[in-house]
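# A closer look at the structure
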Protein chains: 2
Amino acid sequence: MCSRTGVQTFGNYFSFNTGHSQNSHSEHRCNQLINNEYVMIRQASDCCMYFCLCAQQIDEEVSKLLQLKAQLGGDEDKHTFVLKTAKGTRDYNPKQMAIREKVFDTIIRCFKRHGAETIDTPVFELKETLTGKYGEDSKLIYDLKDQGGELLSLRYDLTVPFARYLAMNKITNIKRYHIAKVYRRDNPAMTRGRYREFYQCDFDIAGQYDPMIPDAECLKIVHEILSELDLGDFRIKMSWEDVKNEMVNEKGLASEVADQIGEYVSMQGGKDMAEKLLQDPKLSQSKQACAGLADMKLLFSYLELFNVTDKVVFDLSLARGLDYYTGVICEAVLTQTTSAPATQERNGPAGEEGVSVGSVAGGGRYDGLVGMFDLKGRKVPCIGVSIGIERVFSIMEQKAEAEKIRTTETQVLVASAQKNLLEERLKLTAELWDAGIKAEVLYKKNPKLLSQLQHCEETGIPLVAILGEQEIKDGVVKLRTVATREEVDVSRAELVEEVKKRCQQL
Amino acid sequence: MCSRTGVQTFGNYFSFNTGHSQNSHSEHRCNQLINNEYVMIRQASDCCMYFCLCAQQIDEEVSKLLQLKAQLGGDEDKHTFVLKTAKGTRDYNPKQMAIREKVFDTIIRCFKRHGAETIDTPVFELKETLTGKYGEDSKLIYDLKDQGGELLSLRYDLTVPFARYLAMNKITNIKRYHIAKVYRRDNPAMTRGRYREFYQCDFDIAGQYDPMIPDAECLKIVHEILSELDLGDFRIKMSWEDVKNEMVNEKGLASEVADQIGEYVSMQGGKDMAEKLLQDPKLSQSKQACAGLADMKLLFSYLELFNVTDKVVFDLSLARGLDYYTGVICEAVLTQTTSAPATQERNGPAGEEGVSVGSVAGGGRYDGLVGMFDLKGRKVPCIGVSIGIERVFSIMEQKAEAEKIRTTETQVLVASAQKNLLEERLKLTAELWDAGIKAEVLYKKNPKLLSQLQHCEETGIPLVAILGEQEIKDGVVKLRTVATREEVDVSRAELVEEVKKRCQQL
């Protein structure tokens, strides 16, 4: 089978067929190629030493040649057959899926509690839709091969597709969430929850509203989700581009004031701090700064009404991250983490350790982005937050390593202790399915009772419906509770109700 | 620049993938490539410094300027700014998402009722993982651009990634479902539910079991789902590769017998038909055919126990579809459809009108596929079915065009008839959120009561909690039922319980 695959792969790949002798000949050439290739790249790399992507490039080129070699190889090369997922990606096994669904459920319940709708967009966009939105990070975008037709790229986040969606459908007001995978050709750190394919989990409010009200709700949502997920204590750090620019970047700001910033940054709570900054002689001369600080005061007054000021901190050291942010930006970090994996939340490129270590959520205002897609440049003010869900997964998965998590919801296994009762077992199982009961039956003619009970132990099925000649004659089923091992006869007519009743009690 | 070097050299290196028709020619190209590569890497390292610093920024600036030009440009430039999704793809708006989630819920409930786990795999796989699995249809696979590193392709279905997952993790027994998007560079027919990005909805049973039991459960599942989705009457057509080959393809089959096939095909029910075929003098001489027909009899006896024989038909005209199928294959079609959109279920390439028109589900046995990924060629017998969900969506969306479907679940809007009560509205809203109530508040300082009530009418919010000076003084809220317009004062302390109670009644 494998050699057939090998040759056919070769055929499809190089669009010519080859006999085995030629095949191994080409393989020999390929070996040389790998060696020569490696030497040359090494030479080149001496000159490229200082550039981050270089070493990675060499590895990737070699790994690609190994792939090629595997395809060229015949039977004797089975060992080079590459059986893996793409670099920086992973499969989710059933246990990981159970955790994933639990986390999503918590988050989606929160989004719906706040009256959000949901949308979905394609996994790839026209390349030009993503162009000029991510600055330096654009180099991390996955492009699709030009196979004729449009030039396409995999989405890098959910925010730019959302802005494209609003402009395309001329939507000026919406509160929506979007949970989907995004793609970044980044250096993966998978043990720390950083992947090339990863989920983003976005909540955004688009529309022209009175200042700081949607902003406050976004922070409330982050507060609710991080509290409900029970990840330990956290802080939500906030910064203002405009305030910060005035304070840090503009000339004419006395160095003493600049020094004060250090204190400001370390201060807790926001309102009192805004006051202090407003009293700053230099700062108060700047219209922009005053406006920003007034907004800040207003926001914090709303946050007090929402009971979330305990976790929110004004932090001028916060990096702006992605290009499209304007005005307020925020980032949430866990404060108790020991081994803090990097995550890829919306505020900040995946690559920037400094920004993303320990971070579990981020977001901000991007009032200009939708306008970039509108021919007349009409703006739609937007604010949104993104939960760094991969980080949450890896924390949850660590927690769950010990625990036994069910990956199915089966309520009852239909079993038998005697031979030649397959038909009876199938018949009863179908009765249960048709009554909406979650039921399983082993796909064997005559399974041992022990192996049927073991299946329940392994997968956590709480009940067993046991059929025997006698039970069939009497029109009953022996219903066994796996945990207690107690068995009672239940009439066939009452079985469904009995199973439902017991599962509610469990 | 290092990354560019990689991209360029491999661009060259693999440029002979797609062309040349002689092995010697390819070796000649290899030699050329080594030279090309050497030169390029020399050049690369020479100007590495310059490019690492500048190339990316230059590209970015140019594309930004082009973007800007497109936006600022007059009429003559507007047509250059494309605002659309990629060909053959679509966004899901909130109403479509509501329908989608309803359909998924029905299907997933069925899968869980049958004790299935779920897994997920990356949206792209190593190109070689997909190579040689789809025969002719391979030309429809989306490849990713070679940006250095592994050669990747978007998944074409969920079956090959599933087989790769099983082989990679040495899993020999699993019952799993997988709902995810797959990608085919096909001629889209979007009005008829055929897209380049579309959902597949797969249920598969892998493992060595007694014959026909898993096969019967797969058909039972298709029967349950199509019944619950209430799409009108349907038929599940089945065929056997081995039986068919014997009857149709093998020589030595008398033409009279071949003629009889016509009758056989038109026959309803399976068991009696299997009997008839077994009695056929020519056919009964073929071991393979007899084995196939015996399996068929066995399967139909299980289908009788599952009460699904009313819909199942043996149909020799059924096309085999994808390469990897072995033994039994099935396809479900709606029998009452007027405008039958084409769908892309698993059995049969999306392109084949003949196969896919009116089809809403398909699947079959693929006992050889996992072995293609195993170095020792170890086989894991598999059978699975796939629901043609896009087809179901378009039917549901047509049905829903008239209806008004809620896209949020908000239970109560916190409103006010008077000015300057924003703080009070926000405070109450937060109280409701914290109590788990789905609540909204308009993001305006002083919204009109009418506009607040209109928002409820438009989005289907059933209750309004109205605050006024008097209510605040009395510690009550005026709770209004939108439908009946009746209002009652409810004490603040009892509001949460009252809202919950009323929402249950609704």
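Calculation notes
- Residues numbered from 1 in each chain as written.
- Chains lettered and ligands numbered in written order.
- Predicted model: local features only at pLDDT ≥ 70, side-chain atom pairs only at ≥ 80, totals over all residues.
- Heavy atoms only, no water.
- Helix = DSSP H or I, 4+ residues; strand = E, 2+ residues; numbered from the N terminus.
- Contact = heavy atoms within 4.5 Å.
- Areas by Shrake-Rupley, 256 points an atom, 1.4 Å probe, with all protein chains shown as cover.
- Pairing = 2+ DSSP bridges.
- Axes fitted to C-alpha atoms, helices over the stretch in contact; angles between N-to-C directions.
- Buried < 20%, exposed > 50% of the residue type's maximum accessible area, 1.4 Å probe, protein only.
- Expected span 1.5 Å × (residues − 1).
- Salt bridge = Lys/Arg side-chain N within 4 Å of Asp/Glu carboxyl O.
- Disulfide = S-S within 2.5 Å.
- Parallel < 35°, antiparallel > 145°, perpendicular 65-115°, else oblique.
- Left-handed = near helix turned anticlockwise from the far one by under 90°.
- Phe/Tyr/Trp six-rings, centres within 6.5 Å; stacked < 30°, edge-to-face > 60°.
- Lys NZ or Arg CZ within 6 Å of the ring centre and 35° of its normal.
- UniProt positions renumbered as here; feature names shortened; annotations may be inferred.
- Nonpolar A, V, L, I, M, F, W, Y, C, P; charged D, E, K, R; others polar.

## Some points on the overall build of chain A
Counting its regular elements, chain A contains 19 helices and 15 strands. Restricting to contacts in chain A with at least 6 residues of sequence separation, those with at least 24 account for 70%. Counting every atom, chain A has about 19600 Å² of accessible surface; 52% of that belongs to carbon and sulfur.

## Considerations on the sheet that holds strand β13 (residues 463–467) of chain B
Residue and element names in this part refer to chain B. The strand order across the open sheet formed by 5 strands is β12-β11-β13-β14-β15, and the pairing between neighbours is mixed. Strands at the two margins of the open sheet, each flanked by one partner only, are β12 (439–440) and β15 (487–491). Packed onto the sheet, helix α20 (residues 495–505) meets β11 (412–416), β13, β14 (476–481) and β15 and runs at close to 10° relative to β14.

## A look at the pairing of strand β14 (residues 476–481) of chain A
Walk down a regular strand and you will see the side chains alternate between the two sheet faces. Residue and element names in this part refer to chain A. Burial analysis of β14 places 5 of its 6 residues in the buried class, the great majority of the element. Looking at chain direction, strand β13 (residues 463–467) and β14 are connected through 4 bridges and run antiparallel. Across the sheet, the residue bridging to Val464 is Arg480, located in β14. Counted between consecutive antiparallel strands, the loop separating β14 from strand β15 (residues 487–491) contains 5 residues, among which Arg485 sits at a positive phi close to 65°.

## Some thoughts on the sheet that holds strand β11 (residues 412–416) of chain A
All names here are of chain A. Taken in spatial order, the 5 strands line up as β12-β11-β13-β14-β15 in an open sheet, and their pairing is mixed. Whereas interior strands pair on both sides, the edge strands pair on one side only; in this sheet they are β12 (439–440) and β15. Two strands pair when backbone bridges link them, and β14 and β15 are joined in this way by 5 bridges, in the antiparallel orientation. Of the residues in β15, the one forming a bridge with Val476 is Ser491. Packed on one face of the sheet, helix α17 (residues 449–459) meets β11, β12, β13 and β14 and runs near 170° to β11.

## Some details on the side chain of Glu471 of chain A
Residue placement: Glu471 of chain A occurs in helix α18 (residues 469–474). Apart from the residues within four sequence positions on either side, Glu471 of chain A is in contact with Ile466, Val476, Val477 and Lys478 of chain A.

## A look at helix α16 (residues 389–400) of chain B
Residue and element names in this part refer to chain B. Given a rise of 1.5 Å per residue, 12 residues ought to cover 16 Å, and the 16 Å separating the end C-alpha atoms of α16 matches this to within 8%. Across the 12 residues of α16, 10 count as buried, placing the element largely inside the fold. Buried within α16 are the following residues: Ile389, Glu390, Arg391, Val392, Phe393, Ser394, Ile395, Met396, Glu397 and Ala400. The inward-facing, buried residues of α16 abut α5 (94–113), β5 (197–206), α8 (213–229), β8 (326–334), β9 (359–365) and β10 (382–387).

## Let's talk about the pattern of salt bridges
Residues and elements named next belong to chain A. Taken as a whole, this structure holds 66 salt bridges over all chains when the rule is applied. Between Lys438 and Glu409 there is a salt bridge whose closest N-O contact spans 2.8 Å. Of this pair, Lys438 sits in the loop between α16 (422–434) and β12 while Glu409 is found in the loop between α15 (389–400) and β11, placing the two residues 29 residues apart along the sequence. You can call Lys438 partly exposed: its relative accessible area is 23%.

## Digging into the state of the cysteines
On inspection of all chains with the given rule, the structure shows 0 disulfides over all chains. The thiol of Cys456 of chain B is not disulfide-bonded; the next cysteine sulfur, from Cys503 of chain B, is found 12 Å away.

## Some words on the side chain of Arg365 of chain B
Residue and element names in this part refer to chain B. When you line up the elements, Arg365 lands in strand β9. Take Arg365: its relative accessible area is 14%, and that puts it in the buried class. Every residue in contact with Arg365, bar those within four places of it in the chain, is listed here: Asp215, Tyr324, Tyr325, Thr326, Val328, Pro381, Cys382 and Ile383.

## Re the packing of helix α4 (residues 94–113) of chain A against α15 of chain A
Residue and element names in this part refer to chain A. The N-to-C vectors of α4 and α15 enclose an angle of 125°; their axes lie 10 Å apart at closest approach. Between α4 and α15, the interaxial angle falls into the category oblique. The interaxial crossing formed by α4 with α15 has right-handed handedness. On α15, the residues that touch Lys95, Gln96, Ile99, Arg100, Val103, Phe104 and Ile107 of α4 are Ile389, Val392, Phe393, Met396, Glu397 and Ala400.

## Concerning the packing of aromatic side chains
Across all of its chains, the model carries 22 aromatic pairs over all chains by this definition. With centroids separated by 5.5 Å and ring planes inclined at 65°, the aromatic side chains of Phe306 of chain A and Trp433 of chain B adopt a geometry described as edge-to-face. Taken together, the positions of Phe306 of chain A in the loop between α12 (287–305) and β7 (312–314) and Trp433 of chain B in helix α17 (residues 422–434) put the pair across two chains. The same class applies to Phe306 of chain A and to Trp433 of chain B, which are both buried. On the basis of an interplanar angle of 90° and a centroid distance of 6.4 Å, the ring pair of Tyr199 of chain B and Phe393 of chain B is categorised as edge-to-face. Here Tyr199 of chain B is found in strand β5, whereas its partner Phe393 of chain B is found in helix α16, with 194 residues between them in sequence. The same class applies to Tyr199 of chain B as to Phe393 of chain B, namely buried. Connected via pairs of aromatic rings, a cluster forms that spans Tyr92, Phe104, Tyr199 and Phe393 of chain A. Directly above the ring of Phe234 of chain A sits Lys311 of chain A, whose terminal nitrogen or CZ lies 5.1 Å from the centroid.

## Points about the environment of Val477 of chain A
Residues and elements named next belong to chain A. Within the secondary structure, Val477 is located in strand β14. Overall, the relative accessible area of 0% leaves Val477 in the buried class. A sequence separation of 12 residues divides Val477 from Asp489, and the C-alpha atoms of the two residues are 5.6 Å apart. What Val477 contacts, discounting residues up to four positions off in sequence, is Leu428, Ala465, Ile466, Leu467, Glu471, Val488, Asp489, Val490, Arg492 and Leu495.

## A few points about the environment of Lys473 of chain A
Tracing the backbone through its elements, the reader meets Lys473 of chain A in helix α18. When the C-alpha positions of Lys473 of chain A and Cys290 of chain A are compared, they lie 87 Å apart, and in sequence the two are 183 residues distant.

## Points about α8 of chain B
Residue and element names in this part refer to chain B. Taking 1.5 Å per residue as the helical rise, α8 with its 17 residues ought to reach 24 Å, and the 25 Å between its terminal C-alpha atoms agrees with that figure. Counting buried positions along α8 gives 15 out of 17 residues, so the element sits mostly inside the fold. Where α8 ends, the next residue or the one after it, Asp230, has phi of about 55°, a positive value.

## Some words on the UniProt feature "binding site: L-histidine" (unreviewed entry) in chain A
Residues and elements named next belong to chain A. Here, the residues flagged by UniProt with the feature "binding site: L-histidine" (unreviewed entry) are Asp157, Leu158, Thr159, Arg184, Gln200, Asp204, Arg320, Tyr324 and Tyr325. Turning to its location among the elements, Asp204 is positioned in strand β5 (residues 197–206). Take Asp204: its relative accessible area is 0%, and that puts it in the buried class. Mapped onto the fold, Tyr324 is located in the loop between β7 and β8 (326–334). What makes Tyr324 buried here is its relative accessible area of 7%.

## Notes on unusual backbone geometry
Positive phi is not limited to glycine here, since Asn307 of chain A has a value of about 60°. Judged by its relative accessible area of 54%, Asn307 of chain A falls in the exposed class.

## A word on the environment of Ser301 of chain A
Locating Ser301 of chain A in the fold gives a position in helix α12. Taking the C-alpha atoms as reference, Ser301 of chain A lies 9.3 Å from Ala216 of chain A; in sequence the two are 85 residues apart.

## Examining the packing of α16 of chain A against α8 of chain B
Contact geometry for α16 of chain A and α8 of chain B: axes closest at 13 Å, N-to-C directions at 20°. It follows that α16 of chain A is roughly parallel to α8 of chain B by the angle criterion. Read as a crossing pair, α16 of chain A and α8 of chain B show a hand that is right-handed. Residues Leu422, Leu426, Trp433 and Asp434 of chain A of α16 of chain A touch α8 of chain B, and the partners they reach there are Ile213, Glu217, Lys220 and Glu224 of chain B. Considering only residue class, the contact of α16 of chain A with α8 of chain B consists of 4 nonpolar, no polar and 4 charged.

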